[in-house]
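# A look at the structure
So you can see what is in the structure, the chains are spelled out below.
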Amino acid sequence: MNSKKYITKGDGLPNWENPISHAVVANNMCFVSGQLSVNSEGKYVCETALKEGELAFKNFFSVIENAGFKKEDIVFIDIAFDNLENLPEINQLYSSLFLVDKRPARTIYEVQKLPFGAKIKIAGTAVKDL
Amino acid sequence: MNSKKYITKGDGLPNWENPISHAVVANNMCFVSGQLSVNSEGKYVCETALKEGELAFKNFFSVIENAGFKKEDIVFIDIAFDNLENLPEINQLYSSLFLVDKRPARTIYEVQKLPFGAKIKIAGTAVKDL
Amino acid sequence: MNSKKYITKGDGLPNWENPISHAVVANNMCFVSGQLSVNSEGKYVCETALKEGELAFKNFFSVIENAGFKKEDIVFIDIAFDNLENLPEINQLYSSLFLVDKRPARTIYEVQKLPFGAKIKIAGTAVKDL
């Protein structure tokens, strides 16, 4: 028996052609694919790092919600930048997204290139309390 | 009591000198080390991105199997490219590996360099349903 | 009810200004933020890759311990290098940190840039046996 849940389409989710799920739910965990600044048609929206971050996080939260998880369930966030000089504004955005005493663990780094030449990519994990 | 399982040697697993396990099983989860285009003697096989991807996935699946997990248990895949221009052919390979409605979540990015100068590295997580 | 544990301050933990937790504990899992060569005041300590690795691992282990986990619980380690040529000395350090038959799974890669211009970043996951 396979009771996993594969999140591919749903309210506010980018409709894209990639051979992946936006997220997979296994037991009480949710594994979220790297989210980008992509609109509901799956088209990349090239913008400032801050605005790309806002859209990527919006998509990330939509995925989580469609998977039946809440923002408070997010335990880990992996952010790849195309330029780490954009960290201060992403940190400011980040501070507004999570409660001070309930912030996810995080890892950040600058890569050579992201899909579409995007400025930021956000992947992560959510866990429901048993 | 530590009941974790450390996968180091086994059928079809690259025999290498790195101070790591190919995978660690904890409870119903399997954490898989970054797999490369490496043969059974642990030697890097420099090839086209597609062929490197095929061998890296073959190793990935061997690890999963040796750990007592199935392909359907894979929930998340992390692919690092040395050149994202190879994404279309990797996506084609990828499509052939997973059922349309049971695709893992995924994150992809281009890094500066991979071990051996490899073209692709595949890490990931598998979870058995409770 | 949210029973997650957010590790932000504690014995030997770098005191930093980032809007993140050093680790989040959910059920029997611990998700650890990317640790760097940073001292207890949160200042980056620029050193050889080996010494940066030692301090980053010291911080990593402090986080794990403050979260109520042990070194033996670590199942996966993600190491980003600013230069993969430093791998041999990090492997030597690594060999001294983990028992031969209980080594975590691992993924390594060279990125374009790390926060502070650091030479190594170590993130990971620990799981307690149920």
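A few points on the structure. (Residues numbered from 1 in each chain as written. Chains lettered and ligands numbered in written order. Predicted model: local features only at pLDDT ≥ 70, side-chain atom pairs only at ≥ 80, totals over all residues. Heavy atoms only, no water.)

### A short note on the interface of chain C and chain B
- Taken residue by residue, the interface counts 27 residues in chain C and 26 residues in chain B.
- Where chain C abuts chain B, roughly 2300 Å² becomes buried across the two surfaces, and 56% of that area is made up of carbon and sulfur atoms.
- Ranking the residues of chain C by area buried against chain B places Arg103(C), Glu110(C) and Asp129(C) at the top, with a combined share of 24%.
- At the surface where chain C touches chain B, the tally comes to two salt bridges.
- For the pair chain C and chain B, the interface holds 13 residue pairs in polar contact (both at pLDDT 80 or more).
- Tallying contributions element by element places strand β5 (residues 105-110) of chain C first for the side of chain C that touches chain B, with six residues.
- Counted by class, the side of chain C that touches chain B contains 12 nonpolar, six polar and nine charged residues. (Contact = heavy atoms within 4.5 Å. Buried area = accessible area lost by both parts, 1.4 Å probe. Salt bridge = Lys/Arg side-chain N within 4 Å of Asp/Glu carboxyl O. Polar contact = N/O pair within 3.5 Å; in protein donor to acceptor, adjacent residues only side chain to side chain. Helix = DSSP H or I, 4+ residues; strand = E, 2+ residues; numbered from the N terminus. Nonpolar A, V, L, I, M, F, W, Y, C, P; charged D, E, K, R; others polar.)

### Topic: the interface of chain B and chain A
- Each partner contributes to the interface: chain B provides 27 residues, whereas chain A provides 26 residues.
- Looking only at chain B, the three residues that lose the most surface to chain A are Arg103(B), Glu110(B) and Asp129(B), adding up to 24% of its buried area.
- At the surface where chain B touches chain A, the tally comes to two salt bridges.
- Residue Lys4(A) is joined to Asp73(B) by a salt bridge in which the shortest nitrogen-to-oxygen separation is 3.5 Å.
- Here chain B and chain A share 13 residue pairs in polar contact (both at pLDDT 80 or more) between them.
- For the side of chain B that touches chain A, the class distribution of residues is 12 nonpolar, six polar and nine charged.

### Digging into the pattern of salt bridges
- On inspection of all chains with the given rule, the structure shows nine salt bridges over all chains.
- Residues joined by salt bridges that share partners form a network here, namely Lys4(A), Asp73(B) and Asp129(B).

### A short note on the packing of aromatic side chains
- Applying the stated criterion across every chain yields a total of 24 aromatic pairs over all chains.
- Ring geometry for Tyr109(A) and Tyr109(C): centres 6.2 Å apart, planes at 65°, overall edge-to-face. Taken together, the residues Tyr109(A) in strand β5 (residues 105-110) and Tyr109(C) in strand β5 connect one chain to another. Grouping residues by exposure puts Tyr109(A) and Tyr109(C) together as buried.
- Grouping aromatic residues by their ring pairs yields a cluster made of Phe57(A), Phe60(A), Phe61(A), Tyr94(A) and Phe98(A).
- For Lys128(A), the ring lying beneath its charged end belongs to Phe69(A), and the centroid distance is 4.6 Å.
- Positioned above the aromatic ring of Tyr94(C), the side-chain terminus of Arg106(C) is 4.6 Å from the ring centre. (Phe/Tyr/Trp six-rings, centres within 6.5 Å; stacked < 30°, edge-to-face > 60°. Buried < 20%, exposed > 50% of the residue type's maximum accessible area, 1.4 Å probe, protein only. Lys NZ or Arg CZ within 6 Å of the ring centre and 35° of its normal.)

### Details of the relation of the copies chain C and chain B
- For the pair chain C and chain B, the relating rotation is 120°, the translation along its axis is 0.0 Å, and the fit reaches an RMSD of 0.0 Å. Taken together, the rotation and translation describe the operation of a three-fold axis. (Least-squares fit on C-alpha atoms with pLDDT ≥ 70 in both.)

### Digging into the sheet that holds strand β3 (residues 29-35) of chain B
Residues and elements named next belong to chain B.
- Pairing within the open sheet is mixed, and its six strands lie in the order β1-β2-β3-β6-β4-β5. Either end of the sheet is taken by a strand with one partner, and the two such strands are β1 (5-7) and β5 (105-110). Pairs of neighbouring strands in the sheet enclose a mean axial angle of 10°, with direction left out of account.
- With three bridges joining them, β1 and strand β2 (residues 23-26) adopt antiparallel strand pairing. In the sheet register, lysine 5 faces β2, and the bridge partner there is valine 25. (Pairing = 2+ DSSP bridges. Axes fitted to C-alpha atoms, helices over the stretch in contact; angles between N-to-C directions.)

Read these as spatial facts, not as claims about activity.
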